[in-house]
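Architecture and fold: a report
What follows is the residue order along each chain.
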Amino acid sequence: MSPTKIVDARVLVCSPGRNFVTLIVQTDDGVMGYGDATLNGRELAVASYLRDHLVPLLIGRDPSRIEDTWQMLFRGAYWRRGPVTMTAIAAVDMALWDIKAKYAGMPLYQLLGGRSRDRMLVYGHATGRDVAETIDAVANLKEQGYEAIRAQSGVPGLEKIYGVSQSGKAYEPADGDLPTTEAWDTAAYLRHVPQLFEALRVKFGDELQLLHDAHHRLSPNEAAQLGRSLEPYRLFWLEDVTPADNPESLRRVRTQTVTPLAIGEVFHSLFDCKLLIQEQLIDYIRASLVHAGGITHWRRIADFAAIYQVRTGCHGATDLSPITMGCALHVGAWLPNFGIQEYMPHQAPIEDVFECDYRFERGYMYCGEAPGHGVSVNEEAASKFPYKRAYLPLNRLKHDGSLWDW
Ligand code: EZ4
Ligand code: CO
């Protein structure tokens, strides 16, 4: 049986530990589909885009027409792309795939073409205020079975830095009711990072897969220097070395270093990734399902990447809701060129609100067999955690206070 029409679509904004925006689509016979619409620090813009502009277009539509709905929301808007638009479209798309799979009585990966792999390799985050603390954090993740670990550490002379928790609690970048400010010094960072990875290789040997995120702060030449200085430590990848605005920056980096490169967590469409993939300037594409148009568009990126031997490494920070993780794992179970999945576990009380059919075990994630993408939201529980304004930090140069990329 196929549903005939969508009778309700509602937007739920809640903050069980951090903000999430969820779209819930309901069919005439009561089947519910869930989509993630969370855009960190700009949540209410997407909520309004959905409520005010997309929901009226959804009511009465045939939910089985996923492709046509996607085309209507993308091409029919006239105004193309952009993170707010593409996140809103992604939420609709995930919800419709969820509904289709529930009607089929199948886990989502079956609709995509069935399994290519048994489980999805993930990488965890190890952070510390200094090298010693980061070594401890890596050791801790290794004990939990992680085979791939991203390592970040405080830089001497810089008080607060991307990726490093100050409080001893799990790192959560959107930490202020108004933006907090960090101070940045590129030269100090470039001196420090090779020392961190030297210490990690000495301590943990060659086998452990190590990753690092430069978080968009370097010029092409500085990025090339960093890539070269890390070559002895054989990283799995070096992420976001330059700001994403100029993909051609990666040409210079690529010719200067063989350290594998990953980029794309802020991308929202194939058009952002096209040159990087086609010229094989990267090894991993980091676009996420939630910010890059949902399953329908994201798999076009992944298929395009496959032609050029680029593998996926989906963004998986805590600001992506469990719904995005559920979808990413189903897509990952099918996708031939899946590479790795980022995994930052969500913190309590999130499990009061989101019910998840996936699980982590010894360095891998497993998607469940329930029909759909396997993640649902308890609306009553969610109502106990109202939206709380939160911003990502600002970054300013330490020596003169001018604004830098965060
Ligand atoms: O800073 O998701 O690789 N992961 C990251 C993340 C991003 C946040 C921004 O919302 O770079 O931690
Ligand atoms: Co990143």
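Keep in mind that this is a model prediction, so the values were computed, not measured.

Conventions adopted
Residues numbered from 1 in each chain as written. Chains lettered and ligands numbered in written order. Predicted model: local features only at pLDDT ≥ 70, side-chain atom pairs only at ≥ 80, totals over all residues. Heavy atoms only, no water. Core = buried A, V, L, I, M, F, W, Y, C linked by side-chain atoms within 4.5 Å. Buried < 20%, exposed > 50% of the residue type's maximum accessible area, 1.4 Å probe, protein only. Helix = DSSP H or I, 4+ residues; strand = E, 2+ residues; numbered from the N terminus. Contact = heavy atoms within 4.5 Å. Pairing = 2+ DSSP bridges. Near = heavy atom within 4 Å. Polar contact = N/O pair within 3.5 Å; in protein donor to acceptor, adjacent residues only side chain to side chain. Areas by Shrake-Rupley, 256 points an atom, 1.4 Å probe, with all protein chains shown as cover. Nonpolar A, V, L, I, M, F, W, Y, C, P; charged D, E, K, R; others polar. Donors = N, O, S within 2.8 Å, 3.2 Å for Na, K, Ca; no water. Axes fitted to C-alpha atoms, helices over the stretch in contact; angles between N-to-C directions. Right-handed = clockwise from strand over helix to strand, strands pointing away. Parallel < 35°, antiparallel > 145°, perpendicular 65-115°, else oblique. Left-handed = near helix turned anticlockwise from the far one by under 90°.

Notes on the nonpolar core
One finds Leu 50 and Phe 197 to be the most contacted residues of the largest nonpolar core, which totals 123 residues. Top element by residues in this core is helix α3 (residues 83–104). It accounts for 11 residues. Not counting chain neighbours up to four residues away, the residues in contact with Leu 50 comprise Val 11, Leu 23, Ala 37, Val 55, Pro 56, Ala 88, Ala 91 and Val 92.

Examining the sheet that holds strand β6 (residues 181–184)
Paired through their backbone hydrogen bonds, the strands of a sheet run either parallel or antiparallel. Read across the sheet, 3 strands follow the order β6-β17-β18 without closing on themselves; strand pairing throughout is mixed. Sheet topology places β6 and β18 (403–404) at the edges, where each strand pairs with a single neighbour. Pairing of strand β17 (residues 394–397) with β18, which is carried by 2 bridges, proceeds in the antiparallel orientation. Residue pairing across strands places Asn 395 opposite Trp 404, the latter belonging to β18.

Description of the site of ligand 1
Around ligand 1, 14 residues are found, and the nearest of them are Asn 40, Tyr 162, His 215, Glu 265 and Asp 319. Here an oxygen atom of ligand 1 sits 2.8 Å away from a polar atom, N or O, in the side chain of Asn 40. Take Asp 319: an N or O atom from its side chain is 2.7 Å from an oxygen atom of ligand 1. Protein burial of ligand 1: of its 330 Å² of free accessible surface, 95% is covered by the chains. Partitioning the shell around ligand 1 into residue classes produces 4 nonpolar, 3 polar and 7 charged.

Quick look at the coordination of the cobalt ion (ligand 2)
All of the protein donors around the cobalt ion (ligand 2) are Asp 213 (OD), Glu 239 (OE) and Glu 265 (OE); their distances to the metal are 1.9 to 2.2 Å. Spacing between the donor residues of the cobalt ion (ligand 2) along the chain follows D-x25-E-x25-E. Taken together, the residues span a long stretch of sequence, with Glu 239 in strand β8 (residues 237–239) and Glu 265 in the loop between β9 (261–263) and α9 (270–278) at a distance of 26 residues. Across the pair, Glu 265 and Glu 239 agree in class, each one buried.

Structural notes on the sheet that holds strand β3 (residues 32–36)
Strand order across the open sheet formed by 3 strands is β1-β2-β3, with antiparallel pairing between neighbours. The sheet terminates laterally at β1 (6–14) and β3, the two strands that pair on one side only. Within this sheet the neighbouring strands show an average axis-to-axis angle of 20°, counted without direction. Here 8 bridges tie β1 to strand β2 (residues 20–27), and the two strands are oriented antiparallel to one another. Note on β2: the bridge partner recorded for Leu 12 is Thr 22. Docked against the sheet, helix α1 (residues 43–58) engages β1 and β2, running at close to 175° with respect to β1.

Describing the pairing of strand β4 (residues 120–128)
Counting buried positions along β4 gives 8 out of 9 residues, so the element sits mostly inside the fold. Relative to strand β15 (residues 364–366), β4 is paired through 2 bridges, and the arrangement is antiparallel. Each residue of the ladder has a partner; that of Leu 121, found in β15, is Tyr 364. Relative to strand β12 (residues 338–342), β4 runs parallel, the two being bridged by 2 bridges. From the neighbouring strand, Tyr 123 faces β12, where its bridge partner is Glu 342. Of the strand pairs in this sheet, β4 and strand β5 (residues 148–153) are connected by 6 bridges, and their pairing is parallel. What sits directly across from Tyr 123, in β5, is Ala 148. Handedness of the β4-helix α5 (residues 131–143)-β5 crossover: right-handed.

Re the packing of helix α6 (residues 186–204) against helix α7 (residues 220–230)
At their nearest, the axes of α6 and α7 sit 9 Å apart, and the two run at 20° to each other. The orientation of α6 relative to α7 falls into the category roughly parallel. As α6 runs across α7, the sense of the crossing is right-handed. Contacts from Thr 186, Tyr 189, Leu 190, Val 193, Pro 194 and Phe 197 in α6 reach Glu 222, Gln 225, Leu 226, Ser 229 and Leu 230 in α7.

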